[in-house]
Amino acid sequence: QVQLVESGGGLVQAGGALRLSCAASGSIFSINTMGWYRQAPGKQRELVAVIDSGANTNYADSVKGRFTISRDNAKNAWNLHMNSLKPEDTAVYYCNAVIRVNWYAGVRDYWGQGTQVTVSS
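The rules behind the values
Residues numbered from 1 in each chain as written. Predicted model: local features only at pLDDT ≥ 70, side-chain atom pairs only at ≥ 80, totals over all residues. Heavy atoms only, no water. Helix = DSSP H or I, 4+ residues; strand = E, 2+ residues; numbered from the N terminus. Buried < 20%, exposed > 50% of the residue type's maximum accessible area, 1.4 Å probe, protein only. Lys, Arg positive; Asp, Glu negative; His and termini not counted. Salt bridge = Lys/Arg side-chain N within 4 Å of Asp/Glu carboxyl O. Polar contact = N/O pair within 3.5 Å; in protein donor to acceptor, adjacent residues only side chain to side chain. 1 Å grid on protein atoms, 1.4 Å probe; cavity = no way out; pocket = protein on both sides within 12 Å on 5 of 7 lines; lining within 4 Å. Points joined across faces, edges and corners; volume = space filled by probe spheres on them. Nonpolar A, V, L, I, M, F, W, Y, C, P; charged D, E, K, R; others polar. Phe/Tyr/Trp six-rings, centres within 6.5 Å; stacked < 30°, edge-to-face > 60°. Pairing = 2+ DSSP bridges.

Caption draft 1: Expanded view of the side chain of R71. With respect to the secondary-structure elements, R71 resides in strand 7 (residues 67–72). In this structure R71 is buried but unpaired, with D52 as the nearest side chain of opposite charge at 5.6 Å. From its side chain, R71 meets the backbone oxygen of N32 in a polar contact 3.5 Å long.

Here it is, written out as structure tokens:
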């Protein structure tokens, strides 16, 4: 069974920085993509950043130049470094991974439990 465990998050003033971390554990054959999503109150969950097995990245326009995603393949872990935070970045952040559990299985999505990020003005 695969589990994703997040850490980081919290309360920060506008202009500040935070780092979110996620680690996958369990029966893992390979991880295709690692990413972060967020959901603000009353809004749909949205993609923040994603990184694939070739270290190619994609960011939401709203966070480009401020957030950086990175991955450590050896540890099945990835981070989201968030700089120049704005009040509109306030949301619950979820880590996500597309994982294959063995060589003959298909891939599927796994999610972390979510962590609150609050940016005060």
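Text resumes after the structure shown.
Caption draft 2: Expanded view of unusual backbone geometry. For A55, which is not glycine, the phi torsion reads 70° and is therefore positive. Here A55 lies in the loop between strand 5 (46–52) and strand 6 (57–59).

Caption draft 3: Local environment of the layout of surface pockets. Taken as a whole, the largest pocket holds about 190 Å³ of empty space. Lining the largest pocket are 13 residues, and of these R38, A40, K43, E46 and E88 lie nearest its centre. When the residues that make up the lining of the largest pocket are grouped by side-chain class, the tally is two nonpolar, four polar and seven charged.

Caption draft 4: Molecular detail of the packing of aromatic side chains. What the rule picks out here adds up to two aromatic pairs. Aromatic pair Y37 and W111: ring centres 5.0 Å apart, planes at 65°, arrangement edge-to-face. Taken together, the residues Y37 in strand 4 (residues 30–39) and W111 in strand 10 (residues 107–111) connect sequence positions 74 residues apart. On the accessibility criterion, W111 (37% relative accessible area) is partly exposed.

Caption draft 5: Layout of the pairing of strand 11 (residues 115–120). Residues of strand 11 alternate between two faces, with T115, V117 and V119 buried on one and Q116, T118 and S120 left unburied on the opposite face. Across four bridges, the pairing between strand 2 (residues 10–13) and strand 11 is parallel. Residue pairing in the sheet places V12 in a bridge with V119 of strand 11. Summarising the sheet, strand 9 (residues 91–100) and strand 11 pair through three bridges and their orientation is antiparallel. Bridge pairing in strand 11 places A91 opposite V117.

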